[in-house]
Amino acid sequence: MSLTVIAQRMGNTSFQRLVTGLVLSTLLVGCSSTKSSNVRVVDRNNAVAQRPVVTTGQYVVRPGDTLFSIAFRYGWDYKALAARNNIPTPYTIHPGQTIRFDGRTGSTSTAVVTNSGSSASSSSKTTVIRRQANGTTTTTTTGSGAASTTVVPSVASKPAPAPLPPPGPAPTGWGWPSNGILIGKFSSNGSLNKGIDIAGDLGQPVLAASDGTVVYAGSGLRGYGELVIIKHSETYVSAYGHNRRLLVREGQQVKVGQTIAEMGSTGTDRVKLHFEIRRQGKPVDPLQFLPRR
């Protein structure tokens, strides 16, 4: 039956109500049939942000610090930071020690240049050049006459960054550091997450992601709570933050899958594990190394 016939048999008001009802029904059916997109909810609350690599100033070692934790905090490769400060293996540091990021030292460096003949004589002169830490150069000349001193301002040249060896191969056999829902993903943006976040229950086991040596176990790094850092090779380290309790000590050898801590909420507002992998001090996406699940 055509709409014209229906309109003739019904009043205008009734026909308008019928058309309106059909339109609304069509819209409701269309909305209900639209498939919802499968979007992962990512928790960015208290994501651990990574500051840019610090290349100026200095840091005074405090009790509980290690060279590895300082390098981790300020975005350095630990070998480069050790080389910058002339710290030999096994990279032992002490409270009160100054760790510099710009390569300068507080002491003066002295170069001695002597101008003389084949034998000592009254006309021989010695010039001593001292380059002070504040960027000035003092030149002192002594000889048969009165000594003279000249102070010449100079601009301190920026030290070349310590060279890094080429990256070595990544450790094999990586495993997930904990069971749970992935609630935060890696971001290369400096203001966002430099690792992944895994939700879980209070006290849930936190596992070593690969074989290695514990180089830090403590709570001295702001934003990470109770933290464990494991060195896997000369190139790679991994970090496990926000734990309730640490079950390993510095210097301890661990195997992949070994329980190293209990999940907690230290340094954050919910129970979760913050996990990072760093290559030569730079954060990389852990999902590139962990097996799919």
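Further up the page is the structure itself.
Keep in mind the model is a prediction, meaning the values are calculated, not measured. Starting from 1, residues in each chain are numbered consecutively following that chain's sequence as written. pLDDT decides what is reported in this predicted model: residues at 70 or higher carry local features, side-chain atom pairs at 80 or more are listed and counted, and totals for whole chains, interfaces and linings draw on all residues regardless. Based on all heavy atoms of the structure, the side-chain values leave hydrogens and waters out of the count.

### Details of the overall build of the protein
Link 1 in the chain: Secondary structure counts use DSSP, requiring at least four H or I residues in a row for a helix and at least two E residues in a row for a strand, with both numbered from the N terminus. Counting its secondary structure elements, the protein contains four helices and 16 strands.
Link 2 in the chain: Every one of the 293 residues in the protein was classed for burial, and the buried ones make up 37%.
Link 3 in the chain: Sequence-distant contacts, at least 24 apart, represent 55% of the contacts inside the protein between residues at least 6 apart.
Link 4 in the chain: Here the open area of atoms and residues is found with the Shrake-Rupley method and a 1.4 Å probe, where only the protein chains shown may cover a residue. About 16,800 Å² of surface is accessible on the protein, with carbon and sulfur atoms providing 54% of the total. In this scheme, a residue with accessible area under 20% of its type's maximum is buried, one over 50% is exposed, and one in between is partly exposed, where area comes from a 1.4 Å probe on protein chains only. In this description, contact between two residues means that some pair of their heavy atoms is separated by no more than 4.5 Å.

### Side note on the environment of Thr-172
Link 1 in the chain: Structurally, the position occupied by Thr-172 is in the loop between β6 (148-153) and β7 (182-184).
Link 2 in the chain: Along the sequence, Thr-172 and Ser-210 sit 38 residues apart, while their C-alpha atoms lie 7.7 Å from each other.

### A closer look at the packing of aromatic side chains
Link 1 in the chain: Only Phe, Tyr and Trp rings are paired, with Trp represented by its six-membered ring, and only when their centres lie within 6.5 Å; those with planes under 30 degrees apart are stacked, over 60 edge-to-face, the remainder tilted. Following the criterion strictly, the structure yields ten aromatic pairs and no others.
Link 2 in the chain: Taking the centre distance of 6.1 Å and the plane angle of 85° together, the rings of Phe-68 and Tyr-91 count as edge-to-face. You can see Phe-68 sitting in helix α3 (residues 67-73) and its partner Tyr-91 sitting in the loop between α4 (78-84) and β2 (98-100), a full 23 residues away along the chain. With respect to burial, Phe-68 and Tyr-91 carry one shared label: buried.
Link 3 in the chain: Throughout this description, the term charge over a ring refers to an Arg CZ or Lys NZ atom that lies within 6 Å of the ring centre and within 35 degrees of the ring normal. The ring of Tyr-78 is capped by Lys-79, whose NZ or CZ atom sits 4.7 Å from the centre of that ring.
Link 4 in the chain: Looking at Arg-278, its charged tip hangs above the ring of Phe-72, at a distance of 3.7 Å from the centre.

### Some points on the side chain of Asp-197
Link 1 in the chain: Mapped onto the secondary structure, Asp-197 falls in strand β8 (residues 196-199).
Link 2 in the chain: On the accessibility criterion, Asp-197 (1% relative accessible area) is buried.
Link 3 in the chain: In terms of polar contacts, Asp-197 uses its side chain to reach the side chain of Asn-193, at 2.7 Å. By the criterion applied in these results, polar contacts are pairs of N or O atoms within 3.5 Å in which, for protein atoms, one can donate a hydrogen and the other can accept it, and in which residues neighboring in sequence qualify only through two side-chain atoms.

### What about the nonpolar core?
Link 1 in the chain: Residues belong to one nonpolar core when they are buried, are Ala, Val, Leu, Ile, Met, Phe, Trp, Tyr or Cys, and are joined through side-chain atoms within 4.5 Å. In terms of nonpolar packing, the biggest core is built from 27 residues, with Ile-70, Leu-81, Phe-101 and Ile-229 touching the most fellow members.
Link 2 in the chain: Elements supplying a minimum of two residues to this core: α3, α4, β10 (212-218), β11 (226-231) and β12 (236-246).
Link 3 in the chain: For this core, the element with the most residues is α3, which contributes five residues.
Link 4 in the chain: Residues contacting Leu-81, with those up to four places away along its chain left out, are Leu-67, Ile-70, Ala-71, Trp-76, Ile-99, Arg-100 and Phe-101.
Link 5 in the chain: In this structure, Val-206, Val-214, Tyr-236 and Ile-260 belong to the second largest nonpolar core, which totals 24 residues.

### Here we look at the pairing of strand β15 (residues 272-279)
Link 1 in the chain: With respect to burial, β15 is a largely interior element, seven of its eight residues being buried.
Link 2 in the chain: We call two strands paired when DSSP finds no fewer than two bridges between them. One ladder, built from four bridges, connects β8 with β15; its direction is antiparallel. Of the residues in β15, the one forming a bridge with Ala-199 is Lys-272.
Link 3 in the chain: Bridge count for β12 against β15 is six bridges, and the pairing is antiparallel. Along β15, the bridge assignment pairs Tyr-240 with Phe-275.
Link 4 in the chain: Where β15 lies against strand β16 (residues 282-284), three bridges are found, and the strand directions are antiparallel. Pairing of Arg-278 across the sheet is with Pro-283, part of β16.
Link 5 in the chain: The hairpin turn running from β15 into β16, its antiparallel successor, is two residues long, and Gln-280 in that turn takes a positive phi close to 50°.

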